[in-house]
Amino acid sequence: MTPPTASRAAAPGPAGLPLLGSLLDLRRDSLGTFLRARRTHGEVVRLQAGPPGLRSVFHAVFAPEGVQQVLASEAAGFRKDHPLYEEVRQSFGNGLLTSQDSDYLRQRRLVQPLFTKRRVDGYAGAVTAEAGAVAARWRTADGGTVDLVREMNRLALGTVSRILFGTDAAAAADAIDRCAPVINAYVVSRAYVPVKLPREWPTPGNRRARAATDELNALCDRILAERRAAAGTPADGAVEGEDLLSLLTRAGNDADGSLDATEIREQVLIFLLAGHETTATSLAFTLHLLARHPQEQQRVREEIDRALGDRVPTAADLDRLPYLTQALKESMRLYPAAPVISRRAVEATEIGGFPIPAGADVVVAPWVTHRDPELWEDPERFDPGRFTPEREAARHRYAWFPFGGGPRACIGQHFSMLESVLALATLLRACELEAVDQEVPVAAGITLQATGPARVRLRHQ
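Since the model is a prediction, treat every value here as computed from it, not as a measurement.

1. Section: the packing of aromatic side chains
In step 1: Taken as a whole, this structure holds nine aromatic pairs when the rule is applied.
In step 2: Centre to centre, the rings of Phe 115 and Phe 271 are 5.8 Å apart; their planes meet at 15 degrees, and the pair counts as stacked. With a gap of 156 residues between them, Phe 115 in the loop between helix H4 (101–111) and helix H5 (117–121) and Phe 271 in helix H11 (residues 261–292) connect regions that are remote in the sequence.
In step 3: Here a set of aromatic residues connected by ring pairs shows up, and it is made of Phe 115, Tyr 123, Phe 271 and Phe 415.
In step 4: Positioned above the aromatic ring of Trp 376 is the side chain of Arg 333, whose terminal nitrogen or guanidinium carbon lies 5.2 Å from the ring centre.

This is the structure:
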């Protein structure tokens, strides 16, 4: 950790309301509050939320150098002890997203073989099959108009279920659509309040969240039971006995008792939700941005036609689709699926010249850093040209970090990029998109949430 300098003054920040600080601003629009804090107060901002005596104080770090310190160079000094992660643990269990120390190392060791490049590349067939089914269904879309938010959620859910669990999740989609937003909102609302009512109390919010959690747990138990009943039938593209459930189930039988039945379910739930929500966000916003920018869409479609002709794309085609990949990365800059990443400082340190006390909550915000005009010229403009190899090499590693970074970087980032590029290529080759909704409102949940539709009109080729 960077030794703190005793004489340093505390980081600047908004005063907020006398009694509540910035609590109401953060609850109404946390992403906008962080953007205003960066513009007004600088690269490290101290925010306060809640009434005196119960006030929470945390530091938001926006400069790439500070982000690197938190996520990578001093990662051991910033733990996932932030209240948001504790609420995620309470709702979803202690899976790979939230576990720490020996639990995390054990879980990552067990799951890592699923995400090697060779194995991920083998999932291309499942991706294109799911995307092809969506493209075929779009040909009969009512009025030729679809909502990309809903469509991409279902596509990504179907893909991750087929690949990771070897099962068709069509029947699960309704349950996840219904339950995940309830739990998401519940987790976020509890993470940023100074006083939390016990989860066991029968309040309306607690009862709704418990019912949603119970339904998703039952769903995961059913998927586990179905997968065990079909033992020996691997997921598309997987080697027999080496899909996620096979790996986890076998790990649960190891002599060291690595995973029990509850832990297996917790891993399934994390992958089922986080593994599809993040990719769905990237797919929906990339398609919507291209629909809003016809010239960029035309350039992408021409590249797809040149690279693929009439054949189905494969993992080997990723290098043949550089401009599509650039458009995807630019979309992930503007709409990062994880807009805010939270940590807690283990001991006193210093970031950007400002003291960070031991035990302080710290957030880094791709949503803000990705829009910093000191890093990105005209940052609100959609410009895939920002991601040519030359321009990427010239930027700080943590000017763009949609997958996090350091030792806790997203384990599935190659999977996400492969799935996104192949799915986009399949859909854009099938039809041209015209934006109906020009802007899509968003909010920060556990992941970035579209709070309105992203409708496009389809023109089939």
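2. What about unusual backbone geometry?
In step 1: Here the phi dihedral of Asp 101 falls at roughly 55 degrees; this positive angle occurs in a residue that is not glycine.
In step 2: Counting through the fold element by element, Asp 101 comes out in helix H4.
In step 3: Its identity as a non-glycine residue notwithstanding, Asp 378 has a phi of 45 degrees, on the positive side.
In step 4: Among the residues examined, Asp 378 registers a relative accessible area of 44% and is labelled partly exposed.

3. Let's talk about the sheet that holds strand E4 (residues 145–147)
In step 1: Spatially, the three strands line up as an open sheet ordered E4-E12-E9, and their pairing is antiparallel. At either end of the open sheet lies a strand with only one pairing partner, and these are E4 and strand E9 (431–435). Sheet twist, expressed as the mean angle between neighbouring strand axes with direction ignored, is 40 degrees.
In step 2: The sheet contact formed by E4 and strand E12 (residues 455–460) spans three bridges and is antiparallel. Following the sheet pairing, Asp 147 is matched in E12 by Arg 455.
In step 3: The strands that H11 touches are E9 and E12; relative to E9, the one it contacts most, it runs at about 75 degrees.

4. A closer look at H11
In step 1: For H11, spanning 32 residues, the distance from its first C-alpha to its last is 47 Å, which sits close to the expected 46 Å at 1.5 Å a residue.
In step 2: With 25 of its 32 residues buried, H11 lies for the most part within the structure.

5. Re the packing of helix H6 (residues 124–138) against helix H16 (residues 413–430)
In step 1: Two elements in contact, H6 and H16, have axes separated by 9 Å at closest approach and are oriented at 30 degrees. Classified by the angle their axes make, H6 and H16 are roughly parallel. Taken as a pair, H6 and H16 cross one another with a handedness that is right-handed. Contacts from Ala 124, Val 127, Thr 128, Ala 131, Gly 132, Val 134, Ala 135 and Trp 138 in H6 reach Leu 418, Glu 419, Leu 422, Ala 423, Thr 426, Leu 427 and Ala 430 in H16.
In step 2: Across the contact of H6 with H16, the residue classes tally to 11 nonpolar, three polar and one charged.

The rules behind each value
- Residues numbered from 1 in each chain as written.
- Predicted model: local features only at pLDDT ≥ 70, side-chain atom pairs only at ≥ 80, totals over all residues.
- Heavy atoms only, no water.
- Phe/Tyr/Trp six-rings, centres within 6.5 Å; stacked < 30°, edge-to-face > 60°.
- Helix = DSSP H or I, 4+ residues; strand = E, 2+ residues; numbered from the N terminus.
- Lys NZ or Arg CZ within 6 Å of the ring centre and 35° of its normal.
- Buried < 20%, exposed > 50% of the residue type's maximum accessible area, 1.4 Å probe, protein only.
- Pairing = 2+ DSSP bridges.
- Axes fitted to C-alpha atoms, helices over the stretch in contact; angles between N-to-C directions.
- Contact = heavy atoms within 4.5 Å.
- Expected span 1.5 Å × (residues − 1).
- Parallel < 35°, antiparallel > 145°, perpendicular 65-115°, else oblique.
- Left-handed = near helix turned anticlockwise from the far one by under 90°.
- Nonpolar A, V, L, I, M, F, W, Y, C, P; charged D, E, K, R; others polar.

Shape is all these values report; function is a separate question.
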